[in-house]
Structure formats: C-alpha cells, structure tokens
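The chain contents come next:
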Amino acid sequence: MLIEGLYTVQTIEKNEQGVKAKVKIHKEHEVFKGHFPDSPVMPGVCMIQMIKELTEQNLDQKLFLNKASNVKFMAIINPEVNALIDLALTISEEDGIIKVKNVTSYDDTVALKLNATFKKQH
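Each value, and the rule that gives it
Residues numbered from 1 in each chain as written. Predicted model: local features only at pLDDT ≥ 70, side-chain atom pairs only at ≥ 80, totals over all residues. Heavy atoms only, no water. Helix = DSSP H or I, 4+ residues; strand = E, 2+ residues; numbered from the N terminus. Rg over C-alpha atoms; globule rule 2.2 N^0.38 Å. Buried < 20%, exposed > 50% of the residue type's maximum accessible area, 1.4 Å probe, protein only. Contact = heavy atoms within 4.5 Å. Areas by Shrake-Rupley, 256 points an atom, 1.4 Å probe, with all protein chains shown as cover. Lys, Arg positive; Asp, Glu negative; His and termini not counted. Charge placed at Lys NZ, Arg CZ, Asp CG, Glu CD. Pairing = 2+ DSSP bridges. Salt bridge = Lys/Arg side-chain N within 4 Å of Asp/Glu carboxyl O.

A.B. asks: An account of the overall build of the protein chain is requested, with residue identities and associated values reported.
C.D. replies: The helix and strand inventory of the protein chain stands at two helices and six strands. Here the protein chain has a C-alpha radius of gyration of 14 Å; the compact-globule value for 122 residues is 14 Å, and the two agree. Based on the C-alpha atoms only, the size of the protein chain along its principal axes is roughly 45 × 30 × 25 Å. Per-residue burial over the protein chain gives 37% buried out of 122 residues. Sequence separation of at least 24 residues holds for 60% of the intrachain contacts in the protein chain that already meet a minimum separation of 6. In the form shown here, the protein chain has an accessible surface area of approximately 7,300 Å², with 49% of it arising from carbon and sulfur atoms. Across the protein chain, 15 positive and 16 negative side-chain charges occur, with their mean positions spaced 5 Å apart.

A.B. asks: So, the pairing of strand β4 (residues 84–94): which residues are in play, and what are the values?
C.D. replies: Two elements, strand β2 (residues 18–25) and β4, share seven bridges in a ladder whose sense is antiparallel. By the bridge assignment for β4, K20 is matched with A88. Direction of pairing for β4 relative to strand β5 (residues 97–106): antiparallel, over a ladder of nine bridges. Directly across from E94, in β5, lies its bridge partner I97. In textbook terms, the turn of a hairpin is the stretch between consecutive antiparallel strands, and for β4 and β5 this stretch comprises two residues, one of which, D95, has a positive phi near 55°.

A.B. asks: How would you summarise the pattern of salt bridges if you had to cite specific residues and measurements?
C.D. replies: Summed over the entire model, instances satisfying the criterion amount to four salt bridges. Among the ionic pairs, K22 bridges to D86, the shortest N-O distance being 2.8 Å. Residue K22 is located in strand β2, and its partner D86 is located in strand β4; the two are separated by 64 residues in the primary sequence. Since its relative accessible area comes to 29%, K22 is described here as partly exposed. Among the ionic pairs, E56 bridges to K52, the shortest N-O distance being 2.9 Å.

What follows is the structure, given as structure tokens:
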C-alpha cells in the first residue's frame, strides 16, 4: 500500500470479470489535514491509487498506470460523512495491457467513473 493507513478493505469479492470491494476510508489520516483541514475530501489521485492496488491484488501482479481516460469525478467523498465506499472493477487483458473500468460509489451516489490501462511491472 503506497499511502499506508489511508483505507482498509472491509470485503472483497473476486469473479471472472473483476473485483467488487467495500473500503473504509480512515478520516483521521494525515492526507485529510491538507486536503482540506476543515472540509476533508478524498483526493482523486488517492482514489486512482486505490483502484491500482485493488487491481494488483486481484491479479497478484505489480502494475504501472499507463493511461487514464474518461475520468469523471461525479461527487465528493467526504470521509467524515461517507467513510464506506464501494468499488466495482471490471478487469480484462489484451496484448499484455490490463484494462480496468471502475465505478466508485457510496449509498446510491456514484462518486467516480474511470477507465484505465496498466502495464505489468517486471
């Protein structure tokens, strides 16, 4: 985990298409002291890192982000209000490139949609 202590995976379901995970964000983490002190917001770069780490865990392979496209932040994730988030990752591989489609949500709110490609690290 690159950002130690930021989140904990509560549940994870792996299937042929990918991963469904429930993640608890730790609102007391240091990252929220700077982003932002009186109104904490989950940084987008941390969300992308979380998606990468869940994909790596699913594939048991270290990855490098190659390209992120269709990145749509649709709602703010405030860890004081929405500490539990759901991530649905559809994972496929084509010509050595890992393709991931992600939807991150809490309650009935979609917070992030992302398409990304990753390369395997050797």
